[in-house]
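Working through the structure, step by step
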Amino acid sequence: MATIIDTLRESGTAAKPRARHPEKINRPDTPILRKPEWIRVKAPGSPVYAETKQIVRDNNLVTVCEEAGCPNIGECWSKKHATMMIMGDTCTRACSFCNVKTGLPAALDPHEPENVGRAIAKLGLRHVVITSVDRDDLADGGAQHFVEVIQAIRRLSPGTTIEILTPDFLRKEGALEKVVAAKPDVFNHNLETVPRLYLNIRPGARYFHSLRLLQRVKELDPTIFTKSGIMVGLGETREEVQQVMDDMRSANIDFLTIGQYLQPTRKHAAVDRFVTPDEFKSYETVARTKGFLLVSSSPLTRSSYHADEDFARLRDARNALLTRG
């Protein structure tokens with residue numbers, strides 16, 4: 001498990017550490033439930049993990065694996081699978097589930113697209129996931145930066161397929177169209193939770209806007225795979241989860257991921273309960289009957305977990321469907 005810190009010290013200064021999530025300082029502490037056996041993972045430490053970490057550092061990259069405290073970092077980095085987080089490490093949103101730090105972001109790094117492309121080539125990735133912080137401060141929400149990163153990867157690592165996990169581009173006219181025109185192989189945007197919980201869990205977002213965003217991707221380019229995920233264990237009901245599945249299918253989403261919410265700190269939203277592996281399996285069965293091309297549902301499922309293998313399965317599933325048709 002990655003170490004999660006609540007304070008940050010500005011580099012090169014003797015200033016007092018500042019809060020990682022200043023908007024959460026005055027919130028009451030929430031209880032942290034003891035994790036069941038099925039949710040525990042080994043601490044990272046393999047030689048390949050260390051090599052991956054060094055490549056990330058050498059290219060001045062940020063990864064969501066570290067920033068969000070992903071429990072799968074040891075396994076993924078030991079396979080040289082790192083999810084790059086572009087446009088800095090500071091998010092303009094303040095979702096109550098997320099451990100990425102919040103505040104006013106710095107200016108975009110014009111060298112980042114090249115750095116990302118070089119790192120992916122050096123890692124030898126067949127498939128890469130590129131995500132970002134929300135950048136509500138930018139006129140296009142960072143859409144052009146996504147385009148430049150995609151173009152750099154195509155140029156420097158032409159054999160790599162590209163999956164992007166984007167913000168919602170809320171009130172950013174033309175941003176989505178710009179990114180879709182760059183033709184990523186997979187367009188992912190997570191709904192995160194059921195509509196009833198948005199005000200508490202994802203207050204800066206709008207459920208039906210996010211759903212429409214994914215539907216619009218398919219309208220603009222039907223060849224791009226679409227993907228979305230939700231967390232469970234936040235207080236949602238089974239009926240609500242199944243309704244989200246139906247909403248996603250109405251938007252022609254190809255790939256659904258469902259994973260257990262894990263609470264980063266006592267200031268974040270509390271875990272309501274730990275969903276059992278059998279329940280996750282049941283969700284997967286239901287989702288498959290609803291027509292998703294692919295479903296990943298398990299306690300440790302995350303958006304980019306096993307993304308390279310899943311992309312191969314997505315292609316196979318689509319080809320099988322076309323053959324039957």
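On a predicted model such as this, the values are computed, not experimentally measured, just so you know.

**Here we look at the packing of helix H4 (residues 112-123) against helix H5 (residues 143-156)**
Two elements in contact, H4 and H5, have axes separated by 8 Å at closest approach and are oriented at 35°. Between H4 and H5 lies a crossing whose hand is right-handed. Where H4 approaches H5, its residues Glu-112, Pro-113, Glu-114, Val-116, Gly-117, Arg-118, Ile-120 and Ala-121 are matched on the opposing element by His-145, Glu-148, Val-149, Ala-152, Ile-153, Arg-155 and Leu-156.

**What to know about the packing of helix H9 (residues 238-250) against helix H10 (residues 277-289)**
Running from N to C, H9 and H10 cross one another at 35°; their axes reach a closest spacing of 10 Å. In this structure, H9 crosses over H10, and the sense of that crossing is right-handed. Of the residues in H10, those in contact with Arg-238, Val-241, Gln-242 and Met-245 of H9 are Ser-282, Tyr-283, Val-286 and Ala-287. The residue makeup of the contact of H9 with H10, split by class, is five nonpolar, two polar and one charged.

**Details of the packing of aromatic side chains**
Throughout the structure, instances matching the rule amount to four aromatic pairs. Centre to centre, the rings of Tyr-198 and Tyr-207 are 5.6 Å apart; their planes meet at 90°, and the pair counts as edge-to-face. Judged by relative accessible area, Tyr-198 falls into the buried class, the value being 5%. Relative to Phe-311, the ring of Phe-225 lies with its centre 6.0 Å away and its plane at 90°, an arrangement referred to as edge-to-face. Placement of the pair is Phe-225 in strand E7 (residues 225-232) and Phe-311 in helix H11 (residues 307-324), with a sequence separation of 86 residues. Neither residue differs from the other here; Phe-225 and Phe-311 are each classed as buried.

**Points about the nonpolar core**
Residues Met-84, Val-116, Ile-130, Phe-187 and Met-245 are the most contacted members of the largest nonpolar core, which totals 75 residues. Ranked by the residues each element gives to this core, the list is headed by H5, at six residues. Not counting residues within four places of it along the chain, the set of residues in contact with Met-245 comprises Leu-256, Ile-258, Tyr-283, Val-286, Ala-287, Lys-290 and Phe-292. In this structure, Val-186, Phe-225, Phe-311 and Leu-314 belong to the second largest nonpolar core, which totals seven residues.

**Looking at the environment of Thr-237**
Positionally, Thr-237 belongs in the loop between E7 and H9. The class for Thr-237 is partly exposed, based on a relative accessible area of 34%. Between the C-alpha atoms of Thr-237 and Val-194, which are 43 residues apart in sequence, the distance is 8.8 Å. Aside from chain neighbours lying at most four places away, what touches Thr-237 is Arg-196 and Tyr-283.

**Some points on the side chain of Asp-140**
Looking at the element boundaries, Asp-140 is found in the loop between strand E4 (127-132) and H5. Among the polar contacts made by the side chain of Asp-140, one reaches the main-chain amide nitrogen of Gly-142 at a distance of 2.8 Å. One polar contact links the side chain of Asp-140 to the main-chain amide nitrogen of Gln-144, over a distance of 2.9 Å. Those residues within four positions of Asp-140 in sequence are excluded, and the remaining contacts are Phe-169, Lys-172, Ala-175 and Lys-178.

Conventions adopted
Residues numbered from 1 in each chain as written. Predicted model: local features only at pLDDT ≥ 70, side-chain atom pairs only at ≥ 80, totals over all residues. Heavy atoms only, no water. Axes fitted to C-alpha atoms, helices over the stretch in contact; angles between N-to-C directions. Helix = DSSP H or I, 4+ residues; strand = E, 2+ residues; numbered from the N terminus. Left-handed = near helix turned anticlockwise from the far one by under 90°. Contact = heavy atoms within 4.5 Å. Nonpolar A, V, L, I, M, F, W, Y, C, P; charged D, E, K, R; others polar. Phe/Tyr/Trp six-rings, centres within 6.5 Å; stacked < 30°, edge-to-face > 60°. Buried < 20%, exposed > 50% of the residue type's maximum accessible area, 1.4 Å probe, protein only. Core = buried A, V, L, I, M, F, W, Y, C linked by side-chain atoms within 4.5 Å. Polar contact = N/O pair within 3.5 Å; in protein donor to acceptor, adjacent residues only side chain to side chain.

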